[in-house]
Amino acid sequence: MKRRNRVFLLVIGCVALSAQAATVVYTDSQHPPTGLGAGHQVVYLDAPETVQREVFGELSADPRQAEQQAKAILQSPDWQQKEQRIAQAYQGVIQAYGLGLKKYPAVVFGDREVVYGTADVALAEAKRAEYKGAQ
């Protein structure tokens, strides 16, 4: 029951986060965003992987030893903070999934218009304006 509440709160958090940002860049650490301005948000889709690597480090190749290492981390006094970091990292991924994004990098305007293939907000705005002008 406790886990279900966390997932529900995570989804509610994503909706609230999504409602706040007019322009969101969905990207990964290999495609850093540019042209950001006030009110722009960045979602790194590889954040969960990065955070989990930071939290768990390099686990042993030996399955038994890796299990012991993971259990030690899960039972550590600061596990709740680490768990929260992992959950926060997944919020953006859930948000992107909810929008139905097909690929990244992508710049999303108002949760309704998407420009794929760039993490440059200024370029995405220009492409968006060009498209609207052509219609």
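Residues numbered from 1 in each chain as written. Predicted model: local features only at pLDDT ≥ 70, side-chain atom pairs only at ≥ 80, totals over all residues. Heavy atoms only, no water.

As recorded by an unreviewed UniProt entry, the protein carries the name Integrating conjugative element protein and is attributed to Serratia oryzae.

Caption draft 1: Representation of the overall build of the protein. When helices and strands are tallied, the protein shows five helices and four strands. When each of the 135 residues of the protein is scored for burial, the buried share is 30%. Excluding contacts between residues fewer than 6 apart, the proportion of contacts in the protein whose partners are at least 24 apart in sequence is 50%. If you sum the accessible surface of the protein, you get close to 9200 Å²; carbon and sulfur atoms cover 54% of it. (Helix = DSSP H or I, 4+ residues; strand = E, 2+ residues; numbered from the N terminus. Buried < 20%, exposed > 50% of the residue type's maximum accessible area, 1.4 Å probe, protein only. Contact = heavy atoms within 4.5 Å. Areas by Shrake-Rupley, 256 points an atom, 1.4 Å probe, with all protein chains shown as cover.)

Caption draft 2: Local environment of the pattern of salt bridges. If you walk through the whole model with that rule in mind, you get six salt bridges. Ionic pairing is found between Glu 67 and Lys 71, a salt bridge with its closest N-O pair at 3.2 Å. Here Glu 67 and its partner Lys 71 are both found in helix H3 (residues 63-74), four residues apart, which amounts to about one turn of the helix. Across the pair Asp 78 and Lys 82 runs a salt bridge, and its minimum N-O distance is 3.7 Å. Salt bridges sharing partners connect three or more residues here, namely Glu 113, Arg 128 and Lys 132. (Salt bridge = Lys/Arg side-chain N within 4 Å of Asp/Glu carboxyl O.)

Caption draft 3: A look at the sheet that holds strand S4 (residues 113-116). Taken in spatial order, the four strands line up as S2-S1-S3-S4 in an open sheet, and their pairing is mixed. Pairing within the sheet leaves two strands with one partner each, and these edge strands are strand S2 (40-44) and S4. When the angles between neighbouring strand axes are averaged without regard to direction, this sheet yields 20°. Across five bridges, the pairing between strand S1 (residues 23-27) and S2 is parallel. Bridge pairing links Val 25 to Val 42 in S2. (Pairing = 2+ DSSP bridges. Axes fitted to C-alpha atoms, helices over the stretch in contact; angles between N-to-C directions.)

Caption draft 4: A look at the packing of helix H2 (residues 47-56) against helix H4 (residues 79-99). Running from N to C, H2 and H4 point in directions that differ by 165°, and their axes come no closer than 8 Å. For the element pair H2 / H4, the angle class is roughly antiparallel. Handedness of the crossing formed by H2 with H4: left-handed. Residue-level contacts link Ala 47, Pro 48, Val 51, Gln 52, Glu 54, Val 55 and Phe 56 of H2 to Trp 79, Lys 82, Arg 85, Ile 86, Ala 89, Tyr 90 and Val 93 of H4. Within the contact of H2 with H4, the residues separate by chemical class into 10 nonpolar, one polar and three charged. (Parallel < 35°, antiparallel > 145°, perpendicular 65-115°, else oblique. Left-handed = near helix turned anticlockwise from the far one by under 90°. Nonpolar A, V, L, I, M, F, W, Y, C, P; charged D, E, K, R; others polar.)

Caption draft 5: Seen up close, H2. Within H2, burial applies to Ala 47, Pro 48, Val 51 and Val 55. In an axial view of H2, the angular spread of the buried residues amounts to 95°, which keeps them on one side of the axis. Of the residues trailing H2, Gly 57 is marked for its positive phi of about 65°. (Arc of directions from axis to C-beta.)

Caption draft 6: Seen up close, the packing of aromatic side chains. By the definition in use, this model includes one aromatic pair. When the ring of Phe 56 is compared with that of Trp 79, the centres are 6.0 Å apart and the planes differ by 55°; the resulting orientation is tilted. You can see Phe 56 sitting in helix H2 and its partner Trp 79 sitting in helix H4, a full 23 residues away along the chain. When the ring centre of Phe 109 is taken as origin, the NZ or CZ atom of Arg 128, which lies over that ring, is 4.2 Å away. (Phe/Tyr/Trp six-rings, centres within 6.5 Å; stacked < 30°, edge-to-face > 60°. Lys NZ or Arg CZ within 6 Å of the ring centre and 35° of its normal.)

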